[in-house]
Amino acid sequence: MTTKIIHPLLAMIASSTNNELAKYVEYLKVENKILRARISGQIHTKPEERERL
């Protein structure tokens with residue numbers, strides 16, 4: 001499953017300009033803020049999740 005996610009991501013990064021990447025990073029930051037606002041309390045990751053991050 002990881003390969004299915006990583007390959008398109010690498011293709012996107014390889015073909016993107018810095019400006020496009022900056023926009024994508026900003027989108028992900030805002031998305032994370034929205035999702036975290038829906039969850040009360042802290043988010044604790046498991047060791048395997050931290051490894052993925």
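Above: the structure in question.
The rules we used
Residues numbered from 1 in each chain as written. Predicted model: local features only at pLDDT ≥ 70, side-chain atom pairs only at ≥ 80, totals over all residues. Heavy atoms only, no water. Helix = DSSP H or I, 4+ residues; strand = E, 2+ residues; numbered from the N terminus. Buried < 20%, exposed > 50% of the residue type's maximum accessible area, 1.4 Å probe, protein only. Areas by Shrake-Rupley, 256 points an atom, 1.4 Å probe, with all protein chains shown as cover. Lys, Arg positive; Asp, Glu negative; His and termini not counted. Charge placed at Lys NZ, Arg CZ, Asp CG, Glu CD. Patch = residues over 30% accessible without salt bridge, like charges linked within 9 Å, V, L, I, M, F, W, Y side chains within 5 Å. Salt bridge = Lys/Arg side-chain N within 4 Å of Asp/Glu carboxyl O.

## Points about the overall build of the chain
When helices and strands are tallied, the chain shows three helices and zero strands. The linear arrangement of helices and strands in the chain, starting from the amino end, is α-α-α. For the C-alpha atoms alone, the extent of the chain along its principal axes is close to 40 × 25 × 15 Å. Within the chain, buried positions represent 2% of all 53 residues. Of the accessible surface of the chain, which amounts to about 5400 Å², a share of 58% is contributed by carbon and sulfur atoms. The average position of the 9 basic charges and that of the 6 acidic charges among the side chains of the chain differ by 4 Å.

## Some words on the environment of Glu51
Here Glu51 shows up in helix α3 (residues 47–52). Distance in space between the C-alpha atoms of Glu51 and Ala37 is 24 Å, their sequence separation being 14 residues.

## Structural notes on a nonpolar patch on the surface
Judged by side-chain polarity, Ile6, Leu9, Leu10, Ile13, Tyr24, Tyr27 and Leu28 come together as a nonpolar surface patch covering roughly 630 Å² of accessible area. Elements with a minimum of two residues in the nonpolar patch: α1 (2–15) and α2 (18–37). Sort the elements by how many residues they give to the nonpolar patch and α1 lands first, with four residues. Position of Leu9 relative to the elements: it lies in helix α1.

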